[in-house]
Amino acid sequence: MTAFRRLATGGRIDRTRRHAFHFDGELCKGFAGDTLASALLAENITLVGRSFKYHRPRGFVSAGVEEPNGLFTIGEEGRTEPNISGTTIELSDGLKARSQNAWPSPAFDMMAVNSLAAPLFQSGFYYKTFMGPTKGSWMFYEPFIRKAAGLGAGTYMADPDRYETRYAFCDVLVIGSGPAGLAATLAAARTGARVALTEQDSELGGSLLSENSEVNELWRTEVIAELESFPNVELKSRTTAQGIYDGNLVALLERRDHLRPQPRKGEARQILVQLRARSIVFATGALERPLVFSNNDRPGVMLASALRTYLNRYAVAPEQRTLIVTNNDTAYGAAFDLAAAGVAVSVADHRSTIAPALLNRAASAGLAIFPGTGIADVEGSKGVVRGRLSGAHAAVVECDAVGMSGGWSPAVHLTSHGGIKPRYDETIAAIVPGDLAAGHFGAGAVMGTFGLASAISLGSAAGINAAAFAGLTRKSKPVAPPAGAEDHSYSILPVWTAPRESKGKAFVDFQNDVTARDIRVAHEEGYHSVEHLKRYTTLGMGTDQGKTSNINALAIMAGLRDVPLADAGTTTFRPPYTGMAMGAIAGRTIGHHFRPHRRSPLHDWHQANGATFLEAGLWMRAWYYDWAGDTPEAAYVKEMELVRKGVGISDVSTLGKIDVRGPDAAEFLNRVYVNGFAKLPVGKARYGVMLNDDGVVLDDGTTTRLTDDHFYMTTTTAQAGEVMSWLEYLLQTQWTDLKVHVTSLTDEWGGMAVSGPKSREALQLAFPGSNLSNENLPYMGCLDIRQDGVRIRLLRLSFSGELAYEVHVAADFTASLWEHILEAAAPLGIKPYGLEALASLRIEKGHVAGLELDHRNTLDDLGLGKMAGKEKAYVGKELRFREKLQAPDRWSLVGLELLEPDRKLRGGAILFAAGEPIKGHGRGYITSVTWSTELGKFIALALYQGGLKHEGEEIICAFPLKDEQVRARIVSPHFIDREGARLHA
Amino acid sequence: MPSRRYSAFALARHAVSPDLPWPRAWRSPEPKKSYDVVIIGGGGHGLATAYYLAKNHGIKNVAVVERSYIGSGNVGRNTTLIRSNYVIDGNTQFFEHSLKLWEGLSHDLNFNCMVSQRGQIVLAVSPGQLDTFARRGNIMRLNGIDAEILDRGEVIKLLPYLDYSKDARFPIWGGILQQRAGTVRHDAVAWGYARAADMHGIDIIENCEVTGFVIEDGKATGIETSRGRINAGRLGIAVAGHTSHVARLAGLRVPVESHILQAFVTEPVKPMVHHVISWGAELFYLSQSDKGGMVFGGHIDGFNTYTQRGQFPKIQSVAECAVSLLPFMSRLRLLRHWGGIMDMAPDGSPFICRTPIGNLYLNGGWCYQGFKATPASGWTFAHTIANDSEHELNRCYALDRFEKGGELDDYGIGNWTYKQ
Amino acid sequence: MLERHSALARATPYRSSILRMGEAREFSLVQVAGFGKAFEKAITPFLGKLPAKVGNALDQHGRTLMRTEPNQFWIVGPENDDIAAKLHTHAAVTPLSHSRTRIVIEGAPARNLLAKGIPLDMHETAFKPGVFAMTGLHHTPVLLHCVGENRFELYAMRTFALSVWEWLTDAALEYGSQIATSL
Amino acid sequence: MRIPCPHCGERDVSEFRYGGDATKKRPAHGTGDLKAWHDFYFLFDNPKGPHLEYWQHVLGCRQWFRLERNTATNEIGEAS
Ligand SMILES: Cc1cc2nc3c(=O)[nH]c(=O)nc-3n(C[C@H](O)[C@H](O)[C@H](O)COP(=O)(O)OP(=O)(O)OC[C@H]3O[C@@H](n4cnc5c(N)ncnc54)[C@H](O)[C@@H]3O)c2cc1C
Ligand SMILES: NC(=O)c1ccc[n+]([C@@H]2O[C@H](COP(=O)([O-])OP(=O)(O)OC[C@H]3O[C@@H](n4cnc5c(N)ncnc54)[C@H](O)[C@@H]3O)[C@@H](O)[C@H]2O)c1
Ligand SMILES: Cc1cc2nc3c(=O)[nH]c(=O)nc-3n(C[C@H](O)[C@H](O)[C@H](O)COP(=O)(O)O)c2cc1C
Ligand SMILES: [Zn+2]
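Residues numbered from 1 in each chain as written. Chains lettered and ligands numbered in written order. Predicted model: local features only at pLDDT ≥ 70, side-chain atom pairs only at ≥ 80, totals over all residues. Heavy atoms only, no water.

What about the overall build of chain C?
If you tally the helices and strands in chain C, you get four helices and ten strands. Its C-alpha atoms give chain C a radius of gyration of 17 Å, within 12% of the compact-globule value 16 Å for 183 residues. Once the C-alpha set of chain C is aligned to its principal axes, its extents read approximately 50 × 45 × 25 Å. Counting all 183 residues of chain C, 61% fall into the buried class. Across chain C, every contact between residues at least 6 apart in sequence was considered, and the portion connecting residues at least 24 apart equals 61%. Surface summary for chain C: the accessible area is close to 6,900 Å², and the carbon and sulfur share equals 54%. Side-chain charges of chain C comprise 19 positive and 17 negative groups, with the mean position of each set lying 4 Å from the other. (Helix = DSSP H or I, 4+ residues; strand = E, 2+ residues; numbered from the N terminus. Rg over C-alpha atoms; globule rule 2.2 N^0.38 Å. Buried < 20%, exposed > 50% of the residue type's maximum accessible area, 1.4 Å probe, protein only. Contact = heavy atoms within 4.5 Å. Areas by Shrake-Rupley, 256 points an atom, 1.4 Å probe, with all protein chains shown as cover. Lys, Arg positive; Asp, Glu negative; His and termini not counted. Charge placed at Lys NZ, Arg CZ, Asp CG, Glu CD.)

Digging into the coordination of the zinc ion (ligand 4)
Residues and elements named next belong to chain D. Looking at the zinc ion (ligand 4), the protein donor atoms are Cys 5 (SG), Cys 8 (SG), His 57 (ND1) and Cys 61 (SG), and they sit 2.0 to 2.4 Å from it. One can describe the site at the zinc ion (ligand 4) as tetrahedral: its four donor atoms subtend angles covering 104 to 119° at the metal. Counting the intervening residues between successive donors of the zinc ion (ligand 4) yields the motif C-x2-C-x48-H-x3-C. Of this pair, Cys 8 sits in the loop between strand 1 (2-5) and strand 2 (9-12) while His 57 sits in the loop between strand 4 (50-56) and strand 5 (64-70), placing them 49 residues apart in sequence. A relative accessible area of 0% means that His 57 is categorised as buried. (Donors = N, O, S within 2.8 Å, 3.2 Å for Na, K, Ca; no water. Tetrahedral: all angles 85-135°; square planar, octahedral: opposite > 155°, others 65-115°.)

Structural notes on the site of ligand 3
Around ligand 3, a shell composed of 18 residues is seen, among which Lys 534, Gln 545 and Arg 574 of chain A together with Arg 77 and Arg 336 of chain B lie nearest. Looking at the residues close to ligand 3, they fall on chains A and B. Residue Arg 535 of chain A places a side-chain N or O atom 2.8 Å away from an oxygen atom belonging to ligand 3. Here Gly 76 of chain B contributes a backbone N or O atom positioned 2.8 Å from an oxygen atom of ligand 3. When ligand 3 sits alone it has 610 Å² of accessible area, and the protein chains cover 96% of it. Counting only elements with at least two residues in the shell around ligand 3, the list comes to helix 12 (530-537) of chain A together with strand 16 (333-344) of chain B. (Near = heavy atom within 4 Å. Polar contact = N/O pair within 3.5 Å; in protein donor to acceptor, adjacent residues only side chain to side chain.)

Some remarks on empty space enclosed by the protein
One pass over the structure, following the stated rule, counts 15 cavities of 30 Å³ or more. Counted as a void, the largest cavity has a volume near 500 Å³. Around the largest cavity sit 29 residues that line it, and Tyr 729 of chain A, Trp 416 and Tyr 418 of chain B together with Gly 19 and Tyr 41 of chain D are the ones nearest its centre. Those elements that provide at least two residues to the lining of the largest cavity are helix 19 (720-734) of chain A together with strand 3 (17-21) and helix 1 (34-42) of chain D. Top element by residues in the lining of the largest cavity is helix 19 of chain A. It accounts for six residues. By residue class, the composition of the lining of the largest cavity is 14 nonpolar, seven polar and eight charged. (1 Å grid on protein atoms, 1.4 Å probe; cavity = no way out; pocket = protein on both sides within 12 Å on 5 of 7 lines; lining within 4 Å. Points joined across faces, edges and corners; volume = space filled by probe spheres on them. Nonpolar A, V, L, I, M, F, W, Y, C, P; charged D, E, K, R; others polar.)

Section: the site of ligand 1
Residues and elements named next belong to chain B. Around ligand 1, the structure places 37 residues, and the nearest of them are Glu 66, Asn 74, Thr 79, Tyr 368 and Lys 372. One nitrogen or oxygen atom from the side chain of Thr 79 is found 2.8 Å from an oxygen atom belonging to ligand 1. Between an oxygen atom of ligand 1 and a main-chain N or O atom of Gly 370, the distance comes to 3.2 Å. Coverage of ligand 1 by the protein chains reaches 98% of its 1,000 Å² of free accessible surface. Only helix 2 (44-57), strand 12 (257-266), strand 16 and helix 9 (370-387) provide two or more residues apiece to the shell around ligand 1.

With respect to the interface of chain A and chain B
Contacts between the two partners involve 127 residues from chain A and, on the opposite side, 120 residues from chain B. Buried area between chain A and chain B, both sides added, is near 10,500 Å², and the carbon and sulfur share of it is 56%. On the chain A side of the contact with chain B, Arg 146, Met 582 and His 921 of chain A bury the most area, a combined 8% of that side's loss. Scanning the region where chain A abuts chain B turns up ten salt bridges. A salt bridge links Asp 187 of chain B to Arg 535 of chain A; the shortest N-O distance between them is 4.0 Å. Where chain A meets chain B, there are 71 residue pairs in polar contact (both at pLDDT 80 or more). For the side of chain A that touches chain B, the element with the most residues is helix 3 (residues 138-148) of chain A, which contributes six residues. (Buried area = accessible area lost by both parts, 1.4 Å probe. Salt bridge = Lys/Arg side-chain N within 4 Å of Asp/Glu carboxyl O.)

So, the environment of Asn 70 of chain D
All names here are of chain D. Along the chain, the position of Asn 70 falls in strand 5. Of the residues examined, Asn 70 reaches a relative accessible area of 21% and is grouped as partly exposed. Here the alpha-carbon distance between Asn 70 and His 38, two residues 32 residues apart in the chain, equals 26 Å. Apart from residues no more than four positions distant in its own chain, Asn 70 is found in contact with Gly 49, Pro 50 and Glu 75. A distance of 2.6 Å separates a polar side-chain atom of Asn 70 from the backbone nitrogen of Ala 72.

Looking at the side chain of Glu 199 of chain A
Residue and element names in this part refer to chain A. As for its placement among the helices and strands, Glu 199 is situated in the loop between strand 10 (195-198) and helix 5 (214-228). Among the polar contacts listed, one links the side chain of Glu 199 to the side chain of Ser 177, at a separation of 2.7 Å. Apart from the residues within four sequence positions on either side, Glu 199 is in contact with Gly 176, Ser 177, Leu 204, Lys 236, Ser 237, Arg 238 and Thr 239.

Points about the environment of Trp 338 of chain B
Topologically, Trp 338 of chain B is positioned in strand 16. Since its relative accessible area comes to 14%, Trp 338 of chain B is described here as buried. Residues Trp 338 of chain B and Asn 61 of chain B lie 277 residues apart in sequence; the distance between their C-alpha atoms is 36 Å. With residues up to four places along the chain from it excluded, the contact list for Trp 338 of chain B reads Arg 574 of chain A together with Arg 77, Leu 261, Gln 262, Ala 263, Phe 264, Val 265 and Gln 308 of chain B. Within the structure, Trp 338 of chain B has its side chain in polar contact with the backbone oxygen of Arg 77 of chain B (distance 2.9 Å).

Here we look at the confidence of the model for chain C
Model confidence for chain C is summarised by a mean pLDDT of 93, while 97% of its residues fall at 70 or above. Predicted confidence is poor over residues 179-183 of chain C, with pLDDT under 50, and the contacts of this stretch with residues over four places away or in other chains come to 19 contacts. (pLDDT = per-residue confidence, 0-100.)

Quick notes on the interface of chain D and chain B
Contact residues are listed per partner, giving 27 residues for chain D and 30 residues for chain B. For the pairing of chain D and chain B, the buried interface totals around 2,400 Å² over both sides, and the portion due to carbon and sulfur atoms is 51%. If you look at where chain D meets chain B, you find one salt bridge. The set of elements that each furnish at least two residues to the side of chain D that touches chain B consists of strand 3, helix 1 and strand 4 of chain D. Counting residues per element, the side of chain D that touches chain B draws most heavily on helix 1 of chain D, which supplies five residues. Taken together, the residues of the side of chain D that touches chain B sort by class into eleven nonpolar, eight polar and eight charged.

Some remarks on the pairing of strand 9 (residues 140-148) of chain C
Residue and element names in this part refer to chain C. Among the nine residues that make up strand 9, seven are buried, leaving the element largely enclosed by the rest of the structure. Where strand 8 (residues 132-137) lies against strand 9, six bridges are found, and the strand directions are antiparallel. Paired with Ala 133 across the strands is Leu 144, a residue of strand 9. Taking the residues between adjacent antiparallel strands as the criterion, strand 8 and strand 9 are bridged by two residues, where His 138 takes a positive phi near 50°. In this structure, strand 9 lies alongside strand 10 (residues 151-157), joined through six bridges in antiparallel fashion. Paired with Leu 144 across the bridge in strand 10 is Leu 154. (Pairing = 2+ DSSP bridges.)

Structure follows, in structure tokens:
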């Protein structure tokens, strides 16, 4: 019966440092250097979970990242982490691990009844049922299916830990620290290259750590010692190369949480490194494959190499007897080491002829060898009791553990991320890398060369070649192998599937409970392509991504289809190589730091003076001020009245500002704006509209001519970046003959709008020395003045429709000037007004803004058609005249007045002509709404079919989301001061 | 030959007699010399088109030719969101028709596509955005489509695990819910349509790449393929990301650019997220698959490519969205990520139409909305091919609409393929 | 009297024994641009030798010249520098002193800190004193100038400066004092 | 992906902004040639293979330039 024990001596564990940990609430003990898996085995806990579909008892299969079975939920509260494989978790004191898919416990699991219904759950059964009785029935079944699936349970609590990201660069990156990787690193380092070695394991050494050879261990420590002496070498253990991206970008996940479950302040739990390597050496080794036979999922059935690792690295061995079943040479390594540790070992070898060297050594080590013999089945329910052999020797062997080896699969994953398909190699019955990309090199088991000496010599060569590719050609002497290192011959007899007669389930993908029979069913139904096989059976789609199962499955399917494995192909290898925390990918760019805040030069003032802010794109904008009220609804009305009746000041620093200059500046603007700018007089501003090439409105703003060849352009806040890039595009790629320079001044200048009938008075108080008379600074005029030696630009523009000015000044002075104006004009009752009022005032005036400029509307839709130059050429002129863009019944800009005093207009309401049925898409919709202080009613801007042709008509504004319909009248969008008397006052 | 119908009974029968073989879902026939109709592209749209040609129009001498394995394209790699929340006249009706077809699809195909109407919530991050959502919702209601507007409090009730703290960079102002929206098991759609089409005698020919067209005096009469020449009375192109490439073989230059969109899945966990969640701060959407993985995605990488590999900066920004909106995602582990090639149209809306070449029809320009469109796309494309004229549902999806200014820009993004 | 108000006036200061980080004010930044080689000839008398390619900086006459575009230079000088006036008639001169906030980062961990957010090789053999680069930090455009072995001047957009500062001080948590994340 | 800016050298793709097919010839303005403008703006060759395209070093020197890139492999060629 399956049983394991800890040996008194040996292994790499530190017996002086004990760790206490909990498994399903039970207190267990282990040592530093243990993994959760080795510690549990040492405690003879072999049944650690249940499979997710059939709820079969499961134990550890492997000792590494490929583990399909031994998954746990570790940590508590915000640190709860499901689906962690016990073979990769380093034991730490106080670790809490819980089993999955088992209730109340793995040993006694209620859901085990599932296995009775097992015959139903063959591949694809979901697609064949749960359809009835009615159409929507799936909605009834789905919750049960969902509950049953899903492995471990996560937590809703936020993750308390910190993650960081980092950029790094090097000449040569070596992935994997086995003999091949160590040799490559050393050889590359000797050329003077900047070398990084990355190893997912906690120690460097790879497969060497699983051996018990003193010479090899000596070699390992000497090489590492020499590497540590190089300033140009970075050794990263606990760092997994997760993916390789275009441009030789390698995503490395560095784990820092191994020994401290709760990191200190500012200390990252994990770090994602984006490393750019000039060249890469793959030394990722190979993963052993299970054999497919009945009940091969019983706890105690493991990979032979895993038994060897547990023995040599963790000093954990099967109680007394072990049965090794293999089709190749490597399993003998495990067999000999186990025998040497006093375990009685029998070996069933599918091959009838075995290398004499092995047979002799076996004989002297006292192993029972059964050539030409495989395994048909294992007996035992929650562990193995005995193995039933078949073939030349149909013996029954009592044992505590079964070590299986179906051959080796090179870890080719990373070599394939760039899109290069791996290929099948007959001689070792394995998938090996296809051609490597330029700058990529490989050595050791990953390339399918399974020998120590060759791993080192080829690794050393790869290191030198990689350095040379990165431009470092200095001589570097090859790395010498350990004394007496040799390449044992490697032979394998591929056997992919169990002898037919046995009836128990034979698993291919342990985690997803995919059996050989499921593959047969997929074949019957025609899901032949490896991709269909995968998707139909979910094979290889688990947390292990099929590291142990893919090749066996492909081979079985190839066999059923009777095509050579080479033609079957493989599924696509995708990053990440092993699961990686989402938090690590996001790093610190989350929460408050998710995206930068863009702040006006007046931000601090707003904050200190009762402003409530609103996110507008990246900008933080002063929405309304508490002097006017504590809700936006209350405040904006007060702020509007202030502007209509007296004077207010508002922050317009967010406007895009662009410096346009050069001999051809006027010509340039004349081309990008629909209206003329060539003849704009110096000292004058003009409102302009730009189209995109497609003839749709891109942006609007005012542009001022400062001198003949110098203009000051403003854009909308939202489009500033787009417009800037667009102007640069035109100048740098299309109109390269134009001598024009554009520079963004958005950050250089702050701006404020001083608006209201009393605005001139206000500014006069602020700038007593300047002549602000209507003559000297008329509407659309520009005047540069100085105050305390600081240049201030006064633009007589109005967004609100009142007499108004924009005051622009260098950013650092904006707050000070703002305060100066507030003080100077205090007698007039000047106060700040925010974004909400700003937007409402412009609605009353009928100025279009973001909600109307949504890339769907034309000049004519917005009632601006008249602006466009008839004769001159401008961007968008041609496509603007496309048939449908000129159609008379297009939706175009109108104003609306609410006709039902006690009710409300709402943005997003759909418009209908009075009396017509309220359905379909209507004749338009409301873009922006406000309460009009001037008119004492709700008004809105809207787009309506045919536009102002319908002026005066009564229409219906439907808002079915609130079961509302209100009556409104179509009016001019210019609700106030149509003839513009106030502007020119 | 045993009945090919799927049912609990059939399952039971196979359970008791394990050696009773299941019938093939679809045959893999050798291409015939000639067909009445050949559909190019064995994705969702191509297969659906073939199925509706047989079912709605009685045209059964049909082949679907697929370069690789069916479902190898976007239908097999998308984030499976279905919805019908469109504002533009034409889009609204088309996508609602699609959603109605989804609702009956498993029954219709006798194949469980796991149509899960778990509801989609789109989150607004500003009052202005809430207004644009309101317009959307109102249009939906006025066209008989379900929609509810949610205030912040209602969102908190439905999705208590989002970040509502003061640290949230973009506070949630509310959202819009379509309860009938949801997800569908993507591969099942390809397989279900293929199997149902096959039952009508339609040939599904995999590993058969179209390499050229046979065009005689302005009419398409056949195709050259990697498996030889196939003659056809009529030809339909439904190759999504490869639209330009295949159309060019017929001498057509089309308003489509191929861009990569990435998708992501975490390790499977027990049910946590019971809706489809979309975010208004940056394009981001997430749902939990029945297998338990969080399936999510963002915007396209932003430059044209035919590689199915994404760039890391986009991967990062999507992860940032995920963790910022759903802080608990931080500890979940990314299992796999991949990409698909999308046929981006300037206005983000598709083409289902005749072409300047006789007997040649085009279905493309799907951007990231093509999966939800699959049934209606097949339905209307079949109609267009069968009748050599557009169905009223796809009349607005003409190839030459830009010449006339007939853009259908549902989100007001503007005519840029790399922004849509 | 009008006074200058820094974008970082309200920022939480950063303290650390190994890393110095703070705003360096009192500088003038002038951008000069022109067309073709002629303009370079015209401004050389006032500025001296011009950096040959984008990315090179030269210190001379108490000023730092940086070529920021093929036909454009940045002149960083003392706050009261009058160079703008001198160049006015010879090139397109644009004062930008207020558009950028200059942050000095100095100390052993400086390079590691910057490597957390700047997608450039910060290795001392790669990013040497006298080199500058225009690149991105926290999604915003920045100009990073290496002015000493482990001393850098970072020019951030004024409207983003506080966010960049918040990002930097958060990233530097492991080297020094805690800061509140939300300001 | 790494993109070689002609002025700043090789940089991370995240510093750039894509600008579309650079082989398209922009028709003259003011000709009223609707067809030419339609084809220029709305039609794409969208080749699977070599592609000459515009990029702007938007977080760097802000210069627009042409770049050769293979859309089938993302292999980067010359920038000009
Ligand atoms: C990551 C991602 C996420 C998405 N998310 C969603 C979503 O949530 N909701 C949604 O509605 N849409 C989504 N989409 C979009 C949707 O998947 C596609 O629009 C839709 O699948 C396209 O239709 P299709 O299924 O026919 O395309 P495909 O499945 O790509 O079919 C096209 C087929 O044509 C074949 N083909 C190409 N060239 C040739 C040739 N020369 N000869 C023969 N065959 C050829 C291809 O191999 C392919 O199988 C997403 C797309 C992606 C990539
Ligand atoms: N079939 C065989 O005979 C066989 C099979 C395997 C190993 N071996 C022996 O192993 C040695 C081969 O040496 P090797 O160096 O090629 O392989 P190795 O197994 O010794 O080392 C590979 C290392 O790469 C690491 N690794 C894998 N993927 C990684 C990733 N994505 N990121 C970071 N680290 C990763 C692994 O953790 C491991 O430490 C030889 O001594 C050989 O005899 C033999
Ligand atoms: C909705 C959805 C869910 C997925 N879930 C998983 C999963 O749980 N495990 C997995 O390995 N892959 C999953 N995938 C990804 C596929 O394995 C595969 O990567 C994707 O279909 C693209 O195919 P390719 O990687 O072969 O190019 C999922 C894909 C989709 C579209
Ligand atoms: Zn550059």
